[in-house]
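Summary of structural features
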Amino acid sequence: RTPPKTQAALLEAMQERHVSVGRTRHTLPDPFFVLATQNPIELEGTYPLPEAQLDRFLFKVVVDYPEARAERQMLVNARHGLQTKRQDLTALKPLLTVPEVLQARQQVRAVTVADALIDYLLALVQKTRQHPDFALGASPRCAVAWLQASKAHAWINGRDYTTPDDIKAIALPLLRHRLILQPEAQLDGLQVEAIIQSVFGQVAVPR
């Protein structure tokens, strides 16, 4: 629900990694990232984010209803008087320190990406731009983010090299907020996620 002026300030933080107050510029700490929530139902009083700003979010993660078991546990907790808003967050212990996060980044940068995978990724990006159901395909910024996220996915899975499966694994959260459907495709009820899957079937996987 942030107005355009606030959105512009966030855009500066996300792109330039600093914020400005008057003529004073404040550099943001590293690591730094922006999280935002979006309610897809109620849009009254909100200001839609422009495509250029959406493109600066790495992932769009869809949070669906909880599973029945988890929701039942929520009800049991509520029955016993548990109120999450009153929990003592100071008791939480961090899983990683800042130096460990920065070290992990260095290790991700060292993950190998073969030339054939670069060509594969580029072909996928170009296919989204050529697809008749997309009014807006993947941007160059999206291509770079896709490559970096694929390397991170490989590293998380204990490998120092990237595979086509890494590129596919993070495609939906990385692309779903960046690709804009044609009005005709929206009227036909097509879903971005389904078209993304069809794009993979149109590009040969390197061996």
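Structure report, in brief. Per chain, residues are indexed from 1 in the order of the written sequence. Totals for whole chains, interfaces and linings use every residue, but because this is a predicted model, local features are given only for residues with pLDDT of at least 70 and side-chain atom pairs only at 80 or more, for both listing and counting. Side-chain metrics in this entry use all non-hydrogen atoms of the structure; hydrogen atoms and water are not considered.

1. Considering the pairing of strand β1 (residues 18–21)
Inclusion rule: Pairing between two strands is assigned when DSSP locates at least 2 bridges connecting them. Each helix is a run of H or I in the DSSP string that is no shorter than four residues. Each strand is a run of E no shorter than two, and both are numbered from the N terminus.
Across four bridges, β1 lies against strand β2 (residues 24–27) in antiparallel orientation. Across the sheet, residue valine 21 finds its bridge partner in β2, namely threonine 24. Linking β1 to β2, which pair antiparallel, is a turn of two residues; within it glycine 22 sits at a positive phi near 65°.

2. Description of the pattern of salt bridges
Two side chains bearing opposite charge may form a pair once their charged atoms approach each other closely. For clarity, the cut-off: Salt bridge criterion: a side-chain nitrogen from Lys or Arg within 4 Å of a carboxyl oxygen from Asp or Glu. A simple rule labels every residue: compare its accessible area, found with a 1.4 Å probe on the protein chains alone, to the largest value its type can have, and call it buried under 20%, exposed over 50%, or partly exposed in between.
Counting across every chain of the model gives five salt bridges. Two residues, aspartate 30 and arginine 105, come together in a salt bridge whose shortest N-O distance is 2.8 Å. Taken together, the positions of aspartate 30 in the loop between β2 and α2 (51–54) and arginine 105 in helix α4 (residues 98–109) put the pair 75 residues apart, joining distant regions of the chain. Note that aspartate 166 and arginine 159 form a salt bridge whose closest N and O atoms lie 2.8 Å from each other. Judged by its relative accessible area of 1%, aspartate 166 falls in the buried class.

3. Looking at the packing of helix α5 (residues 115–130) against helix α6 (residues 140–156)
Defined as follows: Fitted lines through C-alpha atoms serve as axes, helices being fitted only where they are in contact, and the angles separating the N-to-C directions of these axes extend from 0 to 180 degrees. Helix crossings fall into two classes, left-handed where the near helix is turned counterclockwise from the far one by less than a right angle and right-handed where it is turned clockwise. By definition, residues are in contact when any of their heavy atoms lie within 4.5 Å.
Their axes nearest at 11 Å, the elements α5 and α6 cross at an angle of 140°. In the packing of α5 onto α6, the handedness of the crossing is right-handed. Between α5, through Ile118, Leu121, Leu124, Val125 and Arg129, and α6, the contact on the second element is made entirely by Pro140, Ala143, Trp146 and Leu147.

4. Focus on the packing of aromatic side chains
For any pair of aromatic rings, geometry is given as the distance between the ring centres together with the angle between the planes. Our working rule: Note on aromatic contacts: the rings of Phe and Tyr and the six-membered ring of Trp form a pair at centre separations within 6.5 Å, being stacked when their planes are under 30 degrees apart, edge-to-face when over 60 apart, and tilted otherwise.
For the structure on display, the rule yields one aromatic pair. For the ring pair tryptophan 146 and phenylalanine 200, a centre distance of 6.4 Å and an interplane angle of 90° mean the geometry is edge-to-face. Here the residue tryptophan 146 occupies a position in helix α6, and phenylalanine 200 occupies one in helix α10 (residues 192–200), the gap between them amounting to 54 residues. An identical accessibility class is assigned to tryptophan 146 and phenylalanine 200; each is buried.

5. Focus: the side chain of aspartate 55
Note that aspartate 55 resides in the loop between α2 and α3 (68–79). Residue classification places aspartate 55 among the buried residues on the basis of a relative accessible area of 9%. The residues contacting aspartate 55, other than those within four sequence positions of it, are Ser139, Arg141, Cys142 and Arg178.

6. Topic: a nonpolar patch on the surface
What counts here: Patch construction takes residues with relative accessible area above 30% that form no salt bridge. Like charges are linked within 9 Å, and nonpolar side chains (Val, Leu, Ile, Met, Phe, Trp, Tyr) are linked within 5 Å. Each accessible area is a Shrake-Rupley result for a 1.4 Å probe, and residues are judged covered by the shown protein chains and nothing else.
A contiguous nonpolar patch, built from Leu58, Phe59, Val61 and Val63 and spanning about 400 Å² of accessible area, is present on the exposed surface. Counting through the fold element by element, phenylalanine 59 comes out in the loop between α2 and α3. Take phenylalanine 59: its relative accessible area is 35%, and that puts it in the partly exposed class.

7. A few points about the nonpolar core
As a rule of thumb, soluble globular proteins bury nonpolar side chains together. So the rule is basically this: Nonpolar cores were defined as sets of buried Ala, Val, Leu, Ile, Met, Phe, Trp, Tyr and Cys residues, with membership established by side-chain atoms within 4.5 Å.
If you look at the biggest cluster of nonpolar residues, it comprises 25 residues, and the most contacted ones within it are Leu124, Trp146, Leu174 and Leu175. Secondary structure elements with two or more residues in this core: α5, α6, α8 (171–175) and α10. When neighbours within four sequence positions are excluded, tryptophan 146 is seen to be in contact with Leu121, Leu124, Val125, Ile167, Ile170, Ala171, Leu174, Leu175 and Phe200.

8. Comments concerning α6
Short version of the rule: Here the expected length of a helix is defined as 1.5 Å per residue gap, with one fewer gap than residues.
The end-to-end C-alpha distance of α6 is 25 Å, a good match for the 24 Å that 17 residues give at a rise of 1.5 Å each. When we look at burial in α6, the residues that qualify are Cys142, Ala145, Trp146, Ala149, Ser150, Lys151 and Ala154. On the buried face of α6, the contacting elements are α4, α5, α7 (164–169), α8 and α10. Positive backbone phi, at 80°, marks glycine 158, one or two positions downstream of α6.

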